[in-house]
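# Structure at a glance
Residues per chain are reported as follows:
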Amino acid sequence: MYARIAFSLAAAIGMAGCVAPSASMPLADAAPARQAWVDRCSAFDDWDKPGPPFRIYGQTYYVGTCGISSILVAARDGLILIDSGTDEGAKIVLDNIRSLGFDPRDVAVILMSHEHFDHAGGMARLQAATGATVVASEAAIPVLRSGLVSPQDPQAKSGHPAFPPVTGETRAIGDYSARSFAGRTFFPIATPGHTLGATSWRWQDCEEGVCKTIVYVDSLNPISSDDYRFSDHPDLVTAFRAGIENVATSECDIVLAPHPGATKLRDRLAGTAPLIDPDRCAAYARGVGAKLDARLAAEDAGNE
């Protein structure tokens, strides 16, 4: 099995949890697969449109659809998957994992960004196919267990459909300290606001001895149901701003997001913008911070 071979050849984990591929396990050229994705997918595409998987950096891969991200990270002792897409999109995720030569049964954990059906709707399907533990924030787990949007969610009245509930093992993140999954170190970042349980993730990966920090930053978009006012929820706004600041100050070389268009992934794969950009997390944070400021100003003016 390819995945098992890859793990046995992986070099020792460094202080930041980076697994450097062995010299006897050369990484395939990522350019053709990236170009195939660019050719197939538009900047903001359909959520369930199939797109080819590709290697992002080191042993980190994109296995999602054209419109919704799912990230696979190969580690010493298994695979880590982040986000599922919709229930239908999860079928594509599984196909993409297999087409890379990995076995879905080697997925040890499934991490989650936020608890909306377009990113968590396929969690039950993926858990059934992999046997993995689903790891999410404490606020997100009840949503995963019910398949229903939280009544406290800013988009609770936006008509989100129910999704198949997660019935297998789940684990709450807890205190947001570093976590080791399958021999890799991941750092959860609390970024509530778009939902109550929204979480971003940071880890390192390496190529030819050069390690880069990858951040999967959550949506952080202050959109809501028509009658919801963020200004009526000051504690959430405070946590929202703290999360944005944590993203802005995070070590960050490569930024990814649940919606690939949010971080201009297609442009970066096409070469019209750099894939590795240490300022990209800060720029993303500035953008969502400005959106939050504008939303609160509109509410204050009575326009929301």
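Conventions used here
- Residues numbered from 1 in each chain as written.
- Predicted model: local features only at pLDDT ≥ 70, side-chain atom pairs only at ≥ 80, totals over all residues.
- Heavy atoms only, no water.
- Core = buried A, V, L, I, M, F, W, Y, C linked by side-chain atoms within 4.5 Å.
- Buried < 20%, exposed > 50% of the residue type's maximum accessible area, 1.4 Å probe, protein only.
- Contact = heavy atoms within 4.5 Å.
- Pairing = 2+ DSSP bridges.
- Helix = DSSP H or I, 4+ residues; strand = E, 2+ residues; numbered from the N terminus.
- Axes fitted to C-alpha atoms, helices over the stretch in contact; angles between N-to-C directions.
- pLDDT = per-residue confidence, 0-100.
- Disulfide = S-S within 2.5 Å.
- Phe/Tyr/Trp six-rings, centres within 6.5 Å; stacked < 30°, edge-to-face > 60°.
- Lys NZ or Arg CZ within 6 Å of the ring centre and 35° of its normal.

## Side note on the nonpolar core
One finds Ile71, Ile80, Leu111, Phe186, Trp201 and Trp203 to be the most contacted residues of the largest nonpolar core, which totals 29 residues. Aside from chain neighbours lying at most four places away, what touches isoleucine 80 is Ile71, Leu72, Val73, Ala75, Val109, Leu111, Phe181, Ala182, Arg184 and Phe186. If you look at the next biggest cluster of nonpolar residues, it comprises 27 residues, including Ala120, Met123, Ala140 and Ile141.

## Considering the sheet that holds strand S8 (residues 179–181)
Pairing in this open sheet of 5 strands is mixed, and the strands run S8-S9-S10-S11-S12 from one edge to the other. Lying at the two open borders of the sheet, with one neighbouring strand each, are S8 and strand S12 (254–256). Recorded for the sheet is a direction-independent mean angle of 30° between the axes of neighbouring strands. By the bridge criterion, 3 bridges tie S8 to strand S9 (residues 184–190) in an arrangement that is antiparallel. From the neighbouring strand, arginine 179 faces S9, where its bridge partner is phenylalanine 186.

## Topic: the confidence of the model for the protein chain
With 91% of its residues at a pLDDT of at least 70, the protein chain reaches an overall mean of 91. A low-confidence stretch, residues 1–25 stays under pLDDT 50, and its non-local contacts, those more than four residues away or across chains, total 51 contacts.

## As for the state of the cysteines
Under the criterion given, the structure shown has 3 disulfides. For cysteine 206, the disulfide goes to cysteine 211, at an S-S distance of 2.0 Å. Of note, the bridge from cysteine 206 to cysteine 211 carries an S-S torsion of about 90° and is right-handed in sense. Across the disulfide, cysteine 252 is cross-linked to cysteine 281 (sulfur-sulfur distance 2.2 Å). One quick way to see it: the torsion about the S-S bond of cysteine 252 and cysteine 281 is about 70°, and its sign makes the bridge right-handed. Pair noted here: cysteine 252 is in the loop between helix H7 (234–249) and S12 and cysteine 281 is in helix H9 (residues 280–300), with a separation of 29 residues, a long-range link.

## As for the pairing of S9
Of all 7 residues making up S9, 5 are buried, and the element is well covered by its neighbours. The turn joining S8 and S9, which pair antiparallel and follow one another in sequence, is formed by 2 residues; a positive phi near 55° is taken by alanine 182. Direction of pairing for S9 relative to strand S10 (residues 199–207): antiparallel, over a ladder of 4 bridges. Each bridged residue has a counterpart across the sheet, and for phenylalanine 187 the counterpart in S10 is arginine 202.

## Thoughts on the pairing of strand S1 (residues 54–57)
Summarising the sheet, S1 and strand S2 (residues 60–62) pair through 3 bridges and their orientation is antiparallel. When the bridges of S2 are listed, tyrosine 57 appears paired with threonine 60. Linking two consecutive strands that pair antiparallel, namely S1 and S2, is a turn of 2 residues; a positive phi of about 60° is found at glycine 58 within it.

## A look at the packing of aromatic side chains
Think of a pair of aromatic rings as described by two things: how far the centres are apart, and how the planes are tilted against each other in angle. By the definition in use, this model includes 10 aromatic pairs. Measuring from ring centre to ring centre gives 5.5 Å for tryptophan 37 and tyrosine 62, while their planes differ by 70°; the resulting arrangement is edge-to-face. Of the two residues, tryptophan 37 sits in helix H2 (residues 31–40) while tyrosine 62 sits in strand S2, which places them 25 residues apart along the sequence. Grouping residues by exposure puts tryptophan 37 and tyrosine 62 together as buried. With a centroid separation of 6.1 Å and 55° between ring planes, the pair formed by phenylalanine 230 and phenylalanine 240 is classed as tilted. Here phenylalanine 230, found in the loop between strand S11 (210–216) and H7, pairs with phenylalanine 240, found in helix H7; they are 10 residues apart in sequence, far enough to count as distant. Given a relative accessible area of 0%, phenylalanine 240 falls into the buried group. Members of the aromatic cluster, connected to one another through ring pairs, are Phe181, Phe186, Trp201 and Trp203. Just above the ring of phenylalanine 187 sits the side chain of arginine 202; from NZ or CZ to the centre is 4.6 Å.

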